[in-house]
Amino acid sequence: MNLILSKVSYFSHLSTEDFLAIQNKANKRSFSAEQIVVMEGDISGGLYVVESGWLKVIKMSMSGREQVLNFLGPGDVFNAIAVFTDHPNQATVIALEDSDVWWIDQDTILELIQTHPALAKQVIADLAGRILHLVSLVEDLSLRSVESRLARVLVESMEEKTVTRHKWATQNEMASRLGTVPDVLNRALRKFVDEGLIEVNRHQIRILDIDALKSKIE
């Protein structure tokens, strides 16, 4: 527990005493793949920290179509808006694989933020970062083609010209992230393959021509 909390920027400037207070009040919760962690519209006034596994944050239409807003992995924090605004959950969070998260109640967080300016500053920076992410997402969905969105995701996700594909990273999940449907995504992937930009394998996507791929980002 100490290890995962120590990686969370929110708590990096807390005293040992306050850090232990957070640790003592945190509750571990385990979720299986496809289990809902947080439901949009519900009230759950607490901060979540991912210890292990991967989760997705989504908005869902009345017809059941989903738009992925973000993916969350170890060390990521979520549900901050509900904690600091007293509003219902603004999105649904679902486990993509077996996952462990820690839950810290709202009162504990709010008490600490009153006496720790560094914590307040970090929270503001984190929320600002979330806004920038959502603005970028709106820009992508509104102004960029699927090919352009795909190229951007590949460029931003690659490490040493390789994009690792998690077991849960199906075509459906990737399409939801890009705001499209699997058939359209598959056509875009095949086009990139035919143009010699990428090589698609079961567990990874290799970037063969990074400059040409970047040129696809409008």
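Use the structure listed above.
Residues numbered from 1 in each chain as written. Predicted model: local features only at pLDDT ≥ 70, side-chain atom pairs only at ≥ 80, totals over all residues. Heavy atoms only, no water.

## Focus on the environment of lysine 167
Argument step 1. As for its position among the elements, lysine 167 is in the loop between strand 9 (162-164) and helix 7 (171-178).
Argument step 2. Judged by relative accessible area, lysine 167 falls into the exposed class, the value being 79%.
Argument step 3. As for lysine 167 and arginine 202, which are separated by 35 residues in sequence, their C-alpha atoms are 9.3 Å apart. (Helix = DSSP H or I, 4+ residues; strand = E, 2+ residues; numbered from the N terminus. Buried < 20%, exposed > 50% of the residue type's maximum accessible area, 1.4 Å probe, protein only.)

## Let's talk about the sheet that holds strand 2 (residues 36-38)
Argument step 1. The strand order across the open sheet built from four strands is 2-7-4-5, with neighbouring strands paired in antiparallel fashion. The open sheet has two free edges, formed respectively by strand 2 and strand 5 (66-72), since each of these has just one partner strand. If you compare each strand with its neighbour and ignore which way they point, the axes differ by 35 degrees on average.
Argument step 2. As judged from the two bridges shared by strand 2 and strand 7 (residues 92-95), these two strands associate in the antiparallel manner. (Pairing = 2+ DSSP bridges. Axes fitted to C-alpha atoms, helices over the stretch in contact; angles between N-to-C directions.)

## So, the pattern of salt bridges
Argument step 1. Applying the stated criterion across every chain, the model contains 13 salt bridges.
Argument step 2. Glutamate 40 is the salt-bridge partner of lysine 59, the closest N and O atoms lying 2.7 Å from each other. Here lysine 59, found in strand 4 (residues 55-60), pairs with glutamate 40, found in the loop between strand 2 and strand 3 (46-52); they are 19 residues apart in sequence, far enough to count as distant.
Argument step 3. The exposure class of lysine 59 is partly exposed, given its relative accessible area of 33%.
Argument step 4. The partner of lysine 56 in a salt bridge is glutamate 66, and the shortest N-O contact between them spans 2.7 Å. Here lysine 56, found in strand 4, pairs with glutamate 66, found in strand 5; they are 10 residues apart in sequence, far enough to count as distant. Exposure class is identical for lysine 56 and glutamate 66. Each is buried.
Argument step 5. Through salt bridges with shared partners, a single network forms among Glu139, Asp140, Arg144, Arg152 and Glu156. (Salt bridge = Lys/Arg side-chain N within 4 Å of Asp/Glu carboxyl O.)

## Quick notes on the environment of serine 32
Argument step 1. Along the polypeptide, serine 32 turns up in the loop between strand 1 (27-31) and strand 2.
Argument step 2. In this structure serine 32 comes out as partly exposed when scored by relative accessible area, which is 37%.
Argument step 3. For the pair formed by serine 32 and isoleucine 94, sequence separation is 62 residues and the distance between their alpha carbons is 9.4 Å.
Argument step 4. Discounting residues that sit within four places of it in the chain, serine 32 has contacts with Ala95, Glu97 and Asp98. (Contact = heavy atoms within 4.5 Å.)

## Quick notes on the packing of aromatic side chains
Argument step 1. One pass over the full model with this rule turns up three aromatic pairs.
Argument step 2. For the ring pair tryptophan 54 and tryptophan 168, a centre distance of 5.9 Å and an interplane angle of 40 degrees mean the geometry is tilted. Of the two residues, tryptophan 54 is situated in the loop between strand 3 and strand 4 and tryptophan 168 in the loop between strand 9 and helix 7; the sequence distance between them amounts to 114 residues.
Argument step 3. Relative to tryptophan 168, the ring of phenylalanine 71 lies with its centre 5.1 Å away and its plane at 35 degrees, an arrangement referred to as tilted. Linking phenylalanine 71 in strand 5 with tryptophan 168 in the loop between strand 9 and helix 7, this pair joins segments that are 97 residues apart in sequence. Each member of the pair, phenylalanine 71 together with tryptophan 168, is buried.
Argument step 4. Aromatic ring contacts, followed pair by pair, group Trp54, Phe71 and Trp168 into a single cluster. (Phe/Tyr/Trp six-rings, centres within 6.5 Å; stacked < 30°, edge-to-face > 60°.)

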